[in-house]
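Fold and geometry: a report
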Amino acid sequence: MRQERRKAAHQFGTPNRIINTEEDAILATVDRAIQATPNSQVIGRNGELPLLSFFQRYLPYTLRAATGFFVTPNGELSPQTDLLILDARYPLLAENEDHSVRAMLHSVVWTVETKTTFRSRDFSGMWANARRVMQLAEQIRGYGLASEPVSIRTSAFAYRIAQSSEATIRA
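Residues numbered from 1 in each chain as written. Predicted model: local features only at pLDDT ≥ 70, side-chain atom pairs only at ≥ 80, totals over all residues. Heavy atoms only, no water.

As for the side chain of threonine 114
Heads up, the condition is: Each helix is a run of H or I in the DSSP string that is no shorter than four residues. Each strand is a run of E no shorter than two, and both are numbered from the N terminus. In this analysis, two residues are considered to be in contact whenever any of their non-hydrogen atoms come within 4.5 Å of each other.
By the secondary structure assignment, threonine 114 is in strand β5 (residues 108-118). Those residues in contact with threonine 114 that lie beyond four places of it in its chain are Gly47, Glu48, Leu51, Asp82, Phe157 and Tyr159.

This is the structure:
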(Lines give C-alpha, C1' and ligand atoms only; values in the text may rest on other atoms or scores of the structure.)
Protein backbone atom coordinates (compact mmCIF):
# COMPACT_ATOMS: atom_id res chain seq x y z
CA MET A 1 0.00 0.00 0.00
CA ARG A 2 1.41 3.37 -1.01
CA GLN A 3 1.54 6.13 1.52
CA GLU A 4 0.48 9.52 0.33
CA ARG A 5 3.37 11.97 0.36
CA ARG A 6 2.91 15.09 2.40
CA LYS A 7 3.67 18.36 0.75
CA ALA A 8 6.75 19.93 2.31
CA ALA A 9 6.16 23.33 0.78
CA HIS A 10 4.44 25.94 2.86
CA GLN A 11 1.61 27.77 1.17
CA PHE A 12 1.96 31.54 1.58
CA GLY A 13 -0.75 33.11 3.73
CA THR A 14 -1.54 29.94 5.68
CA PRO A 15 -0.40 28.99 9.18
CA ASN A 16 2.94 27.21 9.25
CA ARG A 17 2.40 23.80 10.87
CA ILE A 18 5.95 23.60 12.19
CA ILE A 19 5.78 27.01 13.87
CA ASN A 20 2.32 26.15 15.27
CA THR A 21 3.82 23.01 16.81
CA GLU A 22 6.70 25.06 18.23
CA GLU A 23 4.18 27.46 19.78
CA ASP A 24 2.21 24.59 21.34
CA ALA A 25 5.41 23.12 22.82
CA ILE A 26 6.54 26.47 24.25
CA LEU A 27 3.14 27.12 25.85
CA ALA A 28 3.07 23.57 27.29
CA THR A 29 6.49 24.14 28.87
CA VAL A 30 5.34 27.38 30.47
CA ASP A 31 2.05 25.84 31.67
CA ARG A 32 3.91 22.87 33.17
CA ALA A 33 6.20 25.22 35.13
CA ILE A 34 3.25 27.24 36.39
CA GLN A 35 1.51 24.07 37.60
CA ALA A 36 4.68 22.58 39.12
CA THR A 37 5.85 25.36 41.41
CA PRO A 38 4.80 28.64 43.04
CA ASN A 39 8.38 29.96 42.71
CA SER A 40 8.27 32.97 40.39
CA GLN A 41 11.97 32.70 39.48
CA VAL A 42 11.55 29.08 38.33
CA ILE A 43 8.40 29.98 36.40
CA GLY A 44 10.12 33.00 34.82
CA ARG A 45 13.17 31.01 33.78
CA ASN A 46 10.89 28.36 32.25
CA GLY A 47 9.33 31.14 30.20
CA GLU A 48 12.70 32.44 29.03
CA LEU A 49 14.31 29.13 28.08
CA PRO A 50 11.81 27.86 25.48
CA LEU A 51 11.77 31.24 23.75
CA LEU A 52 15.56 31.34 23.81
CA SER A 53 15.72 27.82 22.34
CA PHE A 54 13.25 28.77 19.63
CA PHE A 55 15.40 31.70 18.55
CA GLN A 56 18.56 29.59 18.70
CA ARG A 57 16.95 27.13 16.28
CA TYR A 58 15.46 29.61 13.80
CA LEU A 59 17.74 32.64 13.68
CA PRO A 60 20.24 32.70 10.81
CA TYR A 61 23.81 31.78 11.76
CA THR A 62 24.86 35.42 11.63
CA LEU A 63 22.78 36.00 14.78
CA ARG A 64 22.74 34.25 18.14
CA ALA A 65 20.28 34.27 21.00
CA ALA A 66 21.48 34.40 24.60
CA THR A 67 20.56 35.63 28.03
CA GLY A 68 22.77 37.85 30.14
CA PHE A 69 24.41 41.26 30.05
CA PHE A 70 26.30 43.53 27.70
CA VAL A 71 29.22 45.82 28.48
CA THR A 72 29.61 49.31 27.03
CA PRO A 73 32.89 50.79 25.77
CA ASN A 74 33.01 52.78 29.05
CA GLY A 75 32.81 49.54 31.06
CA GLU A 76 29.22 49.94 32.24
CA LEU A 77 27.15 46.78 32.66
CA SER A 78 23.61 46.58 31.31
CA PRO A 79 20.64 45.32 33.29
CA GLN A 80 20.21 41.53 33.13
CA THR A 81 18.42 40.78 29.88
CA ASP A 82 16.16 37.76 29.36
CA LEU A 83 16.90 37.55 25.65
CA LEU A 84 19.73 39.19 23.74
CA ILE A 85 19.86 38.90 19.97
CA LEU A 86 23.53 39.27 19.13
CA ASP A 87 25.54 39.70 15.95
CA ALA A 88 27.45 36.39 15.92
CA ARG A 89 30.44 37.96 14.17
CA TYR A 90 31.46 39.48 17.52
CA PRO A 91 33.02 37.20 20.13
CA LEU A 92 31.43 36.83 23.54
CA LEU A 93 33.35 38.35 26.44
CA ALA A 94 32.29 35.47 28.71
CA GLU A 95 29.91 32.52 28.79
CA ASN A 96 28.90 30.85 32.05
CA GLU A 97 28.03 27.21 32.73
CA ASP A 98 24.32 28.12 32.60
CA HIS A 99 24.99 29.59 29.10
CA SER A 100 24.32 33.15 30.22
CA VAL A 101 26.71 35.56 28.55
CA ARG A 102 28.51 38.83 28.81
CA ALA A 103 28.61 40.44 25.37
CA MET A 104 30.03 43.67 24.03
CA LEU A 105 27.55 46.43 23.24
CA HIS A 106 28.67 46.46 19.60
CA SER A 107 27.16 42.99 19.10
CA VAL A 108 23.69 43.73 20.52
CA VAL A 109 20.92 43.94 17.93
CA TRP A 110 17.83 43.45 20.09
CA THR A 111 16.90 42.97 23.76
CA VAL A 112 13.70 41.27 24.91
CA GLU A 113 12.22 41.13 28.39
CA THR A 114 10.06 38.05 28.91
CA LYS A 115 7.08 37.63 31.25
CA THR A 116 5.03 34.47 31.69
CA THR A 117 2.13 36.63 32.94
CA PHE A 118 2.23 40.37 32.34
CA ARG A 119 0.65 42.61 34.97
CA SER A 120 0.24 46.38 34.86
CA ARG A 121 2.73 46.75 37.70
CA ASP A 122 5.42 45.08 35.51
CA PHE A 123 5.33 47.89 32.96
CA SER A 124 7.36 50.50 34.88
CA GLY A 125 10.24 48.10 35.58
CA MET A 126 10.27 46.83 32.01
CA TRP A 127 10.25 50.37 30.66
CA ALA A 128 13.06 51.40 33.03
CA ASN A 129 15.23 48.51 31.80
CA ALA A 130 14.48 49.29 28.14
CA ARG A 131 15.29 52.96 28.67
CA ARG A 132 18.55 52.05 30.43
CA VAL A 133 19.54 49.79 27.52
CA MET A 134 18.92 52.64 25.07
CA GLN A 135 20.85 55.11 27.24
CA LEU A 136 23.83 52.77 27.46
CA ALA A 137 23.67 52.23 23.71
CA GLU A 138 24.24 55.96 23.16
CA GLN A 139 27.91 55.36 23.99
CA ILE A 140 28.27 54.18 20.39
CA ARG A 141 27.50 56.76 17.75
CA GLY A 142 24.35 55.77 15.88
CA TYR A 143 22.88 53.70 18.72
CA GLY A 144 20.47 54.56 21.49
CA LEU A 145 17.75 57.13 22.10
CA ALA A 146 19.29 60.05 20.21
CA SER A 147 19.51 58.29 16.85
CA GLU A 148 16.88 57.56 14.28
CA PRO A 149 16.42 54.76 13.52
CA VAL A 150 17.54 53.21 16.79
CA SER A 151 20.16 50.52 16.22
CA ILE A 152 19.29 48.51 19.31
CA ARG A 153 15.67 47.46 19.57
CA THR A 154 14.02 46.66 22.87
CA SER A 155 10.86 44.63 23.22
CA ALA A 156 8.73 42.88 25.77
CA PHE A 157 7.22 39.44 25.27
CA ALA A 158 4.42 38.02 27.44
CA TYR A 159 2.75 34.63 27.21
CA ARG A 160 -0.36 35.97 28.90
CA ILE A 161 -1.68 39.20 30.36
CA ALA A 162 -3.35 39.19 33.75
CA GLN A 163 -5.94 41.84 32.94
CA SER A 164 -7.76 43.23 29.95
CA SER A 165 -5.87 45.01 27.20
CA GLU A 166 -7.64 48.26 28.16
CA ALA A 167 -6.29 48.01 31.73
CA THR A 168 -2.82 47.27 30.38
CA ILE A 169 -2.91 50.32 28.10
CA ARG A 170 -4.05 52.55 30.98
CA ALA A 171 -1.12 51.36 33.08
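Concerning the packing of helix α1 (residues 17-36) against helix α2 (residues 40-58)
Condition: Comment: axis = line fitted to C-alpha atoms, over the contacting stretch for helices; angle = value between 0 and 180 degrees taken between N-to-C directions. Each angle is binned into one of four classes, with values under 35 degrees roughly parallel, values over 145 roughly antiparallel, values of 65 to 115 roughly perpendicular, and all other values oblique. What makes a crossing left-handed is the near helix being turned counterclockwise from the far one by less than a right angle; a clockwise turn instead makes it right-handed.
At a minimum axis distance of 8 Å, the contact between α1 and α2 shows a crossing angle of 160°. In terms of orientation, α1 and α2 fall into the roughly antiparallel class. The handedness of the crossing between α1 and α2 comes out as right-handed. Touching Ile18, Ile19, Glu22, Ile26, Thr29, Val30, Ala33 and Ile34 of α1 are Ile43, Asn46, Gly47, Pro50, Phe54, Arg57 and Tyr58, all from α2.

A few points about unusual backbone geometry
Under the convention used in this document: Using a 1.4 Å probe on the protein chains alone, a residue whose accessible area is under 20% of its type maximum counts as buried, one over 50% counts as exposed, and one in between counts as partly exposed.
We note that histidine 99 has phi near 75°; this positive angle belongs to a residue other than glycine. Tracing the backbone through its elements, the reader meets histidine 99 in the loop between β3 (94-95) and β4 (100-104). You can call histidine 99 exposed: its relative accessible area is 56%.

Here we look at the nonpolar core
One recurring pattern in soluble globular proteins: nonpolar side chains tend to sit buried together. Selection criterion: Residues belong to one nonpolar core when they are buried, are Ala, Val, Leu, Ile, Met, Phe, Trp, Tyr or Cys, and are joined through side-chain atoms within 4.5 Å.
Judged by nonpolar contacts, the single largest core of 13 residues is most densely connected at Phe70, Leu84, Leu86, Val101, Leu105, Val108 and Ile152. Going through the elements one at a time, β1 (63-71), β2 (81-87), β4 and α3 (122-137) are the ones with two or more residues in this core. In terms of residues, this core owes the most to one element, α3, which gives three residues. If we ignore the near neighbours within four places in the chain, the residues touching phenylalanine 70 are Glu76, Leu77, Ser78, Leu84, Ala103, Met104, Leu105, Val108, Val133 and Leu136. One finds Ile26, Leu51, Phe54 and Ala65 within the second-largest nonpolar core, a separate group that totals eleven residues.

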